[in-house]
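Examination of the molecular architecture
Chain residues, written in single-letter form:
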Amino acid sequence: MVIGILAHVDAGKTTLAESMLYVSGSIRKAGRVDHGDAFLDTDSQEKERGITIFSKQAEFSLEEMDVTLLDTPGHVDFGAEMERTLQVLDYAILVVSGADGVQGHVMTLWNLLKRYRIPVFLFVNKMDQPGTEKKKLMQELQERLSGQCIDFSVEQNETFAENIAVCDEVLLEQYLEKGAIEAEDIAKLVAGRKIFPCFFGSALRIEGVEALLSGVKRYSLQKRYPDDFAARVFKIARDGQGNRLTYMKITGGKLKVKQTLQKIEGSRNGAWEEKVDQIRIYSGAKYETIPEAVAGTVCAVTGLDRTYSGEGLGTEEESEEPVLTPVMTYRILLPLESDMHIMYKKLCQLEEEEPQLHIVWKEQLGEIHAKLMGEVQIEILKRLILERFGVEAEFDEGSIVYQETIAVPVEGVGHFEPLRHYAEVHLLLEPGEPGSGLVFATDCSEDMLDKNWQRLILTHLEEKEHVGVLTGSPITDMKITLIAGRAHQKHTEGGDFRQATYRAIRQGLCRAESILLEPVYEFRLELPAAMIGRAMSDIQARKGTFEPPVTEGEMAVLNGTAPVATMQGYQKELAAYSGGCGRLFCSLKGYEPCHNTQEVVEKIGYDAERDLENPAASVFCAHGAGFLVKWDEVENYMHVESPLGKSGTADLEMQDWLDDGREPYGKGCRAGSSRTAAYDFDAGRQEDKELEAIFKRTYGTVERQKPGYQKTIHARKDTAGSTGRSRPLSEEQKQEYLLVDGYNIIFAWEELTELAKVNLDSARGKLMDILSNYQGYRQMTLILVFDAYKVKGNPGSTFPYHNIHVVYTKEAETADQYIEKVTHEMGRKYRVTVATSDGLEQLIIMGQGARRMSARELKDDIMSTNEELREEFLEKPVNGKQYLFDKLPEELAEHMEDVRLGKKEF
């Protein structure tokens, strides 16, 4: 039996756990939180602060019933830790402070228990304090929690039996016939959440604790588990020696030491296979190892490095997405001497233990960000970073975590086709119900796209946090359905569908009417009735809404909702004007359309089209080279016809969607027709950044040296003001190589393309002449490579053409392959640049330490070189003569050097 204890902070939860362990005989002395000797508060920070930060486990017995007790954090800042624990509970004990009644966080806990369908026993604590009235508290429980809350501390007479019987029709008929109710019948009602037994007492004085334990034993049912192995991971931690611990509940079969566990699919960490080293049963700070764990056991396992909180093992399904999520994001400020990349990897270890941290590396800003629940968690995290990594970290003031969704359905298309790669994906994006999160589905024929490819696309949809186009915030409340796609029998690889899927989502978002969502509090405000007018004005000024106030004696109660952003700091303001008599209880209701979208969008200043991590353009292929197509032009290039018609805006489906009675999510900023894509495949530097970003995510960072001819080299002026030649190149500078993909350049330059249509030999000769002049001034070793792989029996050839080297590849060897081979051999010893606009080749050469130069960049640099040559040779005296020509003559580089030295004339 696994039982969890939950409560609002300072309700006496840990004290009750101590008393339960003491009464059951598990410990000899009940510790106290205020004395720092509580059995379950094992962490130093927990002892110092007097609060539970991490969920703890203890083992005890109630006669023949073995109980695992899980003590969860009560502070709202650690609600995520508590929620993860709920998913492995058989029963819960909800502790309510008799002095404070049902507080705001108690309502949050109650709703979570309902969501996870957990049977509940209630214990009203601190009944020894003055002013606590059992009758009044019982009435509050029934009004605010459930009318099925029943007092089990009274004499179990006829009235008691009737109160229980009326909670279930079948039991009521049985009671009317027999006149009695069996304990087993009550236990079934408790297990079915039809009644909620309530007990009263004082945990500190150990009053009412024995009655609670007796009630738990008598009115709980042992759960039955299947024979096949299954387990649910609910926590990742590390012991004092740094060993990684995977906390799990065995929900089927058995788990043995040295047993191999594996995850073939469905894991966000990919397929894995690992072996169990140890199985530990913790009780407080100590543990014992066991050879096997049977179903129902909560244990900590070593030897598993790929597991994560919420993961299902064996036949167990994945956990539901958590309800309690942070609404603030903070920038982590590290000392100047800290290596940001190393610290990022270390902080990711903390994210394993606290998944809601969402540690993010902002590449463009060079910053590390984390999502946190509040100031107490910040202080705990700062201390943890110091103790774990020896680094003193600080946090900025934080900002609101926004989300984005869409108003009406839209289709998104993504195509990824660099040379020898292929994938196309069509997705239907539909608004979901508020709070529904992201739902992924497929409605694509297997005749069109194989089932394995469809599964892979769904995996890519789930594996990443996709962001919107308004502020770059995570998207939510959508159903994303795969409706069409295409693979190539020979060229498609798994990574191709990842790129196509990401681009399809992004393209759809760019076309959609996006809505910015902000977190909203559900609040309960209690204050003297005379001040209710001031409170109502404050809430209205903060863009909140509320129900008519209710008067309870001299106090007034105001219930309503308000944006988290506007309620910041109101707790202090309330305490000031109410003289400390006002109380504000806030809990996260969810996300709603933002009240000041335009202001937030402008303040954040996110530019979706410059986000290299999330491109919306698609990659197509023509003439052996890839090129980018802007998101608003993709429909004109896609290979698969849209299942939704030419518009791709889901006209028919949208009408059906509206006919079903569903309204658009809401009105928000439109992110569609007003946007223009920033991507142009031959635009040079912008695309370089995108390709490099793709490469880094795939293969890691590669250090490269920049060639000396990356930028235009302008003529140097000497002290007399005359223009002179640059200094002679050093030996190191001479070790520069430029590899040019000949046909790729020919078909990328318009004038050469037109010439090639008439005579391909002439186009080759023209390119060779242009590059000869170019090399004569830039002084690198230039290798021009042409494909000859289709020429049967061709052994390949290499010959000098004036001052450059020309290569014709051998049979079955493409220019790409030759360049890749040469780059691999030379890329890290010399400064190598490859001129090509082939998207795949660009990725490969970056991996070899070389730099890519697009066809556009090469052409621009050649034109700049010609201009410098004009200034150098044609517009200055040579041997006392002035030479003016309309254009640069097509002469050899050696001849021009002789002219410069005065040995020859033009």
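Before reading further, recall that the structure is shown in the block above.
Scope of this entry: the structure provided in the associated data block. (Residues numbered from 1 in each chain as written. Predicted model: local features only at pLDDT ≥ 70, side-chain atom pairs only at ≥ 80, totals over all residues. Heavy atoms only, no water.)

1. Concerning the overall build of the chain
For the record, the criterion: By the criteria applied, helices consist of DSSP H or I runs no shorter than four residues and strands consist of E runs no shorter than two, each listed in order from the N terminus. Burial classes: relative accessible area under 20% of the type maximum marks a residue as buried, over 50% as exposed, and values in between as partly exposed (1.4 Å probe, protein chains only). In this description, contact between two residues means that some pair of their heavy atoms is separated by no more than 4.5 Å. Reported accessibility uses the Shrake-Rupley method at a 1.4 Å probe radius. Residues are deemed covered only where the shown protein chains occlude them.
Secondary structure summary: the chain contains 27 helices and 44 strands in total. Sorting the 906 residues of the chain into buried and exposed places 52% on the buried side. The contacts of the chain with a sequence gap of at least 6 include a subset with a gap of at least 24, amounting to 71%. Surface exposure of the chain reaches about 42600 Å², of which carbon and sulfur atoms provide 47%.

2. Some points on the pairing of strand β34 (residues 625-629)
Heads up, the rule is: Any two strands with at least two DSSP bridges between them are considered paired.
For β34, the tally of buried residues reaches four of five residues, placing the bulk of the element in the interior. Alignment of strand β33 (residues 618-622) against β34, held across five bridges, turns out to be antiparallel. Residue pairing across strands places V619 opposite L628, the latter belonging to β34.

3. Some thoughts on the sheet that holds strand β14 (residues 286-289)
Spelled out, the test is: Note on method: axes are straight lines fitted to C-alpha atoms, helices fitted across the in-contact stretch only, with angles between N-to-C directions ranging 0 to 180 degrees.
If you walk across this open sheet you meet the six strands as β14-β13-β16-β9-β8-β17, and the pairing is antiparallel. The open sheet has two edge strands, β14 and β17 (312-314), and neither has a second partner. Sheet twist, expressed as the average angle between the axes of neighbouring strands with direction ignored, equals 40 degrees. Pairing geometry for strand β13 (residues 278-283) and strand β16 (residues 298-302), over three bridges, is antiparallel. Within β16, the residue paired with R280 across the bridge is A300.

4. As for a nonpolar patch on the surface
Filter applied, for reference: Only residues above 30% relative accessible area that lack a salt bridge enter a patch, with like-charged residues linked at up to 9 Å and the nonpolar side chains Val, Leu, Ile, Met, Phe, Trp and Tyr linked at up to 5 Å. A pairing counts as a salt bridge when a side-chain nitrogen of Lys or Arg comes within 4 Å of a carboxyl oxygen of Asp or Glu.
A surface patch of nonpolar side chains, about 210 Å² in accessible area, is lined by Y22, V23 and I206. Summarising the element assignment, I206 is placed in the loop between β7 (196-200) and α9 (209-218).

5. Here's the deal with the layout of surface pockets
This is how the line gets drawn: Cavities and pockets were defined on a 1 Å grid built from protein atoms only: a cavity is a group of points that admits a 1.4 Å probe but offers it no way out, a pocket is an open group of points flanked by protein on both sides within 12 Å along at least five of seven lines, and a lining residue is one with an atom within 4 Å of any such point. Grid points are joined across faces, edges and corners, and a volume is the space filled by probe spheres set on the points. Charged means Asp, Glu, Lys or Arg here, nonpolar means Ala, Val, Leu, Ile, Met, Phe, Trp, Tyr, Cys or Pro, and polar covers whatever is left, Gly included.
If you add up the space inside the second largest pocket, you get close to 1200 Å³. Taken together, 34 residues line the second largest pocket, and the ones lying closest to its centre are V76, D77, M373, G374 and Y521. Sorting elements by how many residues they give to the lining of the second largest pocket places strand β32 (residues 583-593) first, with five residues. In the lining of the second largest pocket, the residues fall into 17 nonpolar, 12 polar and five charged.

6. Describing the sheet that holds strand β42 (residues 851-853)
Read across the sheet, six strands follow the order β39-β40-β38-β37-β41-β42 without closing on themselves; strand pairing throughout is mixed. Two strands lie at the open edges of the sheet, namely β39 (797-801) and β42, each paired on one side alone. Strand-to-strand twist of the sheet, defined as the mean angle between neighbouring strand axes without regard to direction, takes the value 25 degrees. Relative to strand β41 (residues 831-835), strand β37 (residues 736-741) runs parallel, the two being bridged by five bridges. When the bridges of β41 are listed, Y737 appears paired with V832. The sheet contacts of helix α23 (residues 760-778) involve β37, β38 (781-786), β39 and β40 (804-808), and relative to β38 the element is tilted by about 170 degrees. Sitting on the sheet, helix α24 (residues 815-826) touches β37, β38, β40 and β41, and the angle it makes with β37 is about 165 degrees.

7. Side note on unusual backbone geometry
You will see that R117, though not glycine, has its phi angle at about 55 degrees, which is positive. With respect to the element layout, R117 can be found in the loop between α4 (104-115) and β5 (120-125).

8. Topic: the nonpolar core
Note the cut-off: To form a nonpolar core, buried Ala, Val, Leu, Ile, Met, Phe, Trp, Tyr and Cys residues must be joined to one another through side-chain atoms within 4.5 Å.
Ranked by size, the top nonpolar core spans 51 residues in total, and within it I332, L347, L350, I385, F395, L525 and Y570 carry the most contacts. Once residues within four sequence positions are removed from consideration, L350 is found in contact with L357, L381, L384, I385, R388 and F389. Core analysis: the next-biggest nonpolar cluster, separate from the first, contains 43 residues, A58, F152, A165 and Y175 among them.

9. Thoughts on the packing of aromatic side chains
Selection rule: The rule is short: rings of Phe, Tyr and Trp, with Trp giving its six-membered ring, pair when the centres are within 6.5 Å, and they are stacked under 30 degrees, edge-to-face over 60, tilted in between. Put simply, a charge is over a ring when the Lys NZ or the Arg CZ is close to the ring centre, within 6 Å, and near the line of the ring normal, within 35 degrees.
Per the stated rule, a full pass over the model turns up 16 aromatic pairs. Aromatic side chains F799 and Y808 sit 6.2 Å apart centroid to centroid with 15 degrees between the ring planes, which places their arrangement in the stacked category. Owing to a relative accessible area of 32%, F799 belongs among the partly exposed residues under this scheme. Taken together, F152, F160, F199 and Y219 form an aromatic cluster joined through their ring pairs. Geometry around Y287 places R280 over its ring, the cationic atom sitting 4.3 Å from the centre. Positioned above the aromatic ring of Y502, the side-chain terminus of K464 is 4.3 Å from the ring centre.

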